[in-house]
Amino acid sequence: MRNLIHLNQDWRFIRKDAGLPEALPEDWEKVDLPHSWNAVDGHDGNGSYDRGCYWYAKSFKTPKQPLAGGRVYVEFPAAGQQAHVYVNGKEAVYHEGGYSTFRADITDLCVEEGDNLLAVACSNENKSNVYPQAADFTFYGGLYRGVNLISVPAVHFDLDYYGGPGLQVTPKPCECGGAAFEMFSWVTNGDENFTVMYSVKDAQGREVASAVRPADQTKVTVYVPDAVRWDIDNPYLYTVTATLQRRNEAYDEVSAKVGVRSFSCDPDKGFVINGVETPLRGVSRHQDQLYKGNALTREDHYLDAKIIKELGANTIRLAHYQHSQDFYDACDELGFIIWAEIPFISVMNADPAAHQNCISQMKELIIQNYNHPSICFWGVSNEILIGGISEQLVENHKELNALCKELDPTRLTTIAHVSMTPVESPMHGITDVESYNHYFGWYGGKMEENGPWLDEFHKVHPEICLGLSEYGCEGIVTYHGPNPACKDYSEEYQALYHEHMAKVLDERPWMWSSHVWNMFDFGCAARNEGGVAGRNNKGLVTMDRRTKKDSYYVYQAYWSKAPMVHLCGRRYAQRAGETTEIRVYSNQPAVALYLNGKLVEEKTAEKVFVYTVALEEGFNIVTAVAGNLKDSMTLEKVEKEPSIYVLPEVNERAEGVANWFKLAGDLDLEAPMEFPEGKYSVRDTMEELSKCPEAFEIVHNAVKLATNFDVAPGVGMWDMMKSMTPEKMCGMAGSAMPKGFLESINAKLVEIDKN
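Remember, predicted model here, so these are calculated numbers, not experimental data.

Draft legend 1. Helix H7 (residues 550-559), seen in detail. H7 sits mainly inside the fold: 10 of its 10 residues count as buried. Looking only at H7, the buried set comprises Asp-550, Ser-551, Tyr-552, Tyr-553, Val-554, Tyr-555, Gln-556, Ala-557, Tyr-558 and Trp-559. Where H7 is buried, its residues touch strand S23 (280-285), helix H1 (298-311), helix H6 (491-506), strand S30 (513-516), strand S33 (565-567) and strand S35 (580-586).

Draft legend 2. Focus on unusual backbone geometry. Following Leu-33, the chain continues into Pro-34 via a peptide bond in cis, with omega recorded as 5 degrees. In this structure, Pro-34 sits in the loop between strand S3 (29-31) and strand S4 (53-61). Omega for the bond connecting Tyr-131 with Pro-132 falls within 30 degrees of zero, at 5 degrees, which places this linkage in the cis form. Structurally, Pro-132 can be placed in the loop between strand S9 (115-123) and strand S10 (148-152). The backbone of Tyr-489 shows a phi angle near 65 degrees, a positive value even though the residue is not glycine. Backbone geometry at Asn-596 places phi at a positive 50 degrees, although glycine is not the residue there. Examined against the element boundaries, Asn-596 turns out to sit in the loop between strand S36 (590-595) and strand S37 (598-604).

Draft legend 3. Broad picture of the environment of Asn-382. Within the element layout of this structure, Asn-382 appears in strand S26 (residues 375-382). Asn-382 sits in the buried class, given a relative accessible area of 1%. Taking C-alpha positions, Asn-382 is 9.3 Å from Ser-469, a pair spaced 87 residues apart along the chain. In this structure, Asn-382 is in contact with Arg-317, His-320, Phe-344, Ile-345, Ser-346, Ala-416, Asn-437 and Glu-470, ignoring residues within four places of it in sequence. Within the structure, Asn-382 has its side chain in polar contact with the side chain of Arg-317 (distance 2.8 Å).

Draft legend 4. Highlighting the pairing of S36. Sheet analysis places S36 next to S37, joined by 6 bridges and oriented antiparallel. Residue pairing for S37: Tyr-594 is matched across the bridge by Leu-599. In this antiparallel pair of consecutive strands, S36 and S37, the connection spans 2 residues, and Asn-596 shows a positive phi of 50 degrees. Across 4 bridges, the pairing between S36 and strand S39 (residues 618-626) is antiparallel. Paired with Ala-592 across the strands is Val-625, a residue of S39.

Draft legend 5. Spatial organisation of the environment of Trp-186. Along the chain, the position of Trp-186 falls in the loop between strand S13 (179-185) and strand S14 (187-188). Residue classification places Trp-186 among the partly exposed residues on the basis of a relative accessible area of 36%. Each C-alpha atom of the pair Trp-186 and Phe-157 lies 5.8 Å from the other, and the pair is 29 residues apart in sequence. Filtering out sequence-adjacent residues up to four positions away, Trp-186 remains in contact with His-156, Phe-157, Asp-158, Gly-166, Leu-167, Gln-168 and Thr-218.

Draft legend 6. Here's a closer look at the packing of helix H3 (residues 352-369) against helix H4 (residues 391-407). Axis separation between H3 and H4 bottoms out at 10 Å; the angle between their running directions is 25 degrees. Overall, the two elements H3 and H4 adopt an arrangement that is roughly parallel. Of the two possible hands of crossing, H3 and H4 adopt the one that is right-handed. Contacts between H3 and H4 involve His-355, Cys-358, Ile-359, Met-362, Lys-363 and Ile-366 from the former and Asn-396, Glu-399, Leu-400, Leu-403, Cys-404 and Leu-407 from the latter. Residues of the contact of H3 with H4, tallied by class, amount to 8 nonpolar, 2 polar and 2 charged.

Definitions and limits used
- Residues numbered from 1 in each chain as written.
- Predicted model: local features only at pLDDT ≥ 70, side-chain atom pairs only at ≥ 80, totals over all residues.
- Heavy atoms only, no water.
- Buried < 20%, exposed > 50% of the residue type's maximum accessible area, 1.4 Å probe, protein only.
- Helix = DSSP H or I, 4+ residues; strand = E, 2+ residues; numbered from the N terminus.
- Contact = heavy atoms within 4.5 Å.
- Polar contact = N/O pair within 3.5 Å; in protein donor to acceptor, adjacent residues only side chain to side chain.
- Pairing = 2+ DSSP bridges.
- Axes fitted to C-alpha atoms, helices over the stretch in contact; angles between N-to-C directions.
- Parallel < 35°, antiparallel > 145°, perpendicular 65-115°, else oblique.
- Left-handed = near helix turned anticlockwise from the far one by under 90°.
- Nonpolar A, V, L, I, M, F, W, Y, C, P; charged D, E, K, R; others polar.

Structure (structure tokens):
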């Protein structure tokens, strides 16, 4: 029978390209897996992170085989981002792509007696044909999901096909209430002496269906009467086991937990599961944690899933790559609808080899995760038009979509459009359903523009199932104030923004999905804004999972069925002024607010309850009561609020925009823009403008004022933004840009000759 051996203890690691070792290097650092060398510098704010090719080594003994001809595989659930694997000095496998499982048959490389040397050259260096290449997150390096040995007999379920399990199960509900379980298994080296015995057991472990087929016949269908449906509120799992049998002996066995469900999307009804209209409302998730990077344990993954479940979300977009099997398992068990995608993101590389890497990663994603009932959508790309559009880009998307349908006709395909993707674009209509990443109210425009934009798109394209794949804003729990505003990074503005967005989405059940960006703060070494460098701080929960921001509770009030009440502003603990505003989130119909034991007011409202309170001198106890629920916090009335509550650059930025127009002089900012030949303009890419120091200084300062991004060659998110033009950037910002801002930039640029 198959034997799985975890090889996670007592590795040797060296942070340099030391070359292939001949023996286990005792002078290398001792580490256990999972491990990432970017666990700290991937988000510590030092402006960059270590991207190199480094070495891991471990000795192991060849597993003893009870039967002659047995095989030994080494399995890597992931290695970021490329890996060369050697056993006893000989290369066993090379893999490109940092998020999927790959294996190698190393039987013939192992020695019968003594120790074997397993060495891995793992690299997170940029490689032009491997995605992701340019994106707003850290590409952590390392063996961050562990390593396994798999020992199997000579005849076994397949281990060589794109890291798949060798078993594929498609439960199809029947009108009579039962379900047909269509099952495929693939056997290596089987002959007429072998059969495959299939067993389906219910959640209580009782066998409800079975079948036996010759090993060379890959497909069989069994019927399960009175099948219980897998659903968001009842994630019922069946266990399917395939046993490879020779006479009276079981040679190998694989199993999968599966669910019986039907689902669809409709432009006017939204998402429908098992015949019930169910708007998908949830979050996106990255797989890293503070000072662990992406080297997470099974317990870490389950913790994340449980925090999201407590929020009341019913869907998760797993950005922007294949996540751990542990997390998919948790989603199956807890009842989430999952959007799973590949890291085809931001900028398409024209190299055909890069497209082949997309194809390979898509095959791995689907083949390795086919059996998970939580997954209902395969995502083909994210914000890909940041790098511009071309006929080849459109054709590549069509090919990826067709590949998804070929490998898995049971699920729907989707795409996350960048905000500036035109309403009329050849990118529409490729996938089954679509979503947009919109940040009106943060990067550009006003939060109030979200609803009208969604309604207008729905009106223009009534045939498209529309979702909102990203939306959000930064919230840093240090910053507070009585007048929250866009780009102040305060916890209060983030909460107001999400109050608005939760209501917008609640009023539009026809939208098939929405996904907050992001559930957790996450590592982005290139970022430096809001006084917290190295991270994207749009999470509803901090990166260490210790603090749920007030915005978390907005969605809990809207989505959770469990009664809840939450007082906002507890970290805004010192307040000045004659009165202060107290906000309460609750899914109860009425909330009473008490100040120092005295009733202030009882209100009825929908999710958000707002009170004006006159604090007493010194410390005050504020209590919110909703039915049997209570929440309490302590506030202090002060003459002047702490200066740390306000990010210094907030005021500097406002002054800077005003000063920009002073510098522009007496320009006619309402005149049509001109683009004379041989002159720079706002239609040149950032990369082209960077070739001229004078021109680039203008746009660098303008972009910093407009977006708070420090964009320069080799700095920040340059790789992602270098192909954009100032015109496109201002277009994304929309109404947030002062009138004449773009014109003033162009007026300065057209004075500069191109060499």
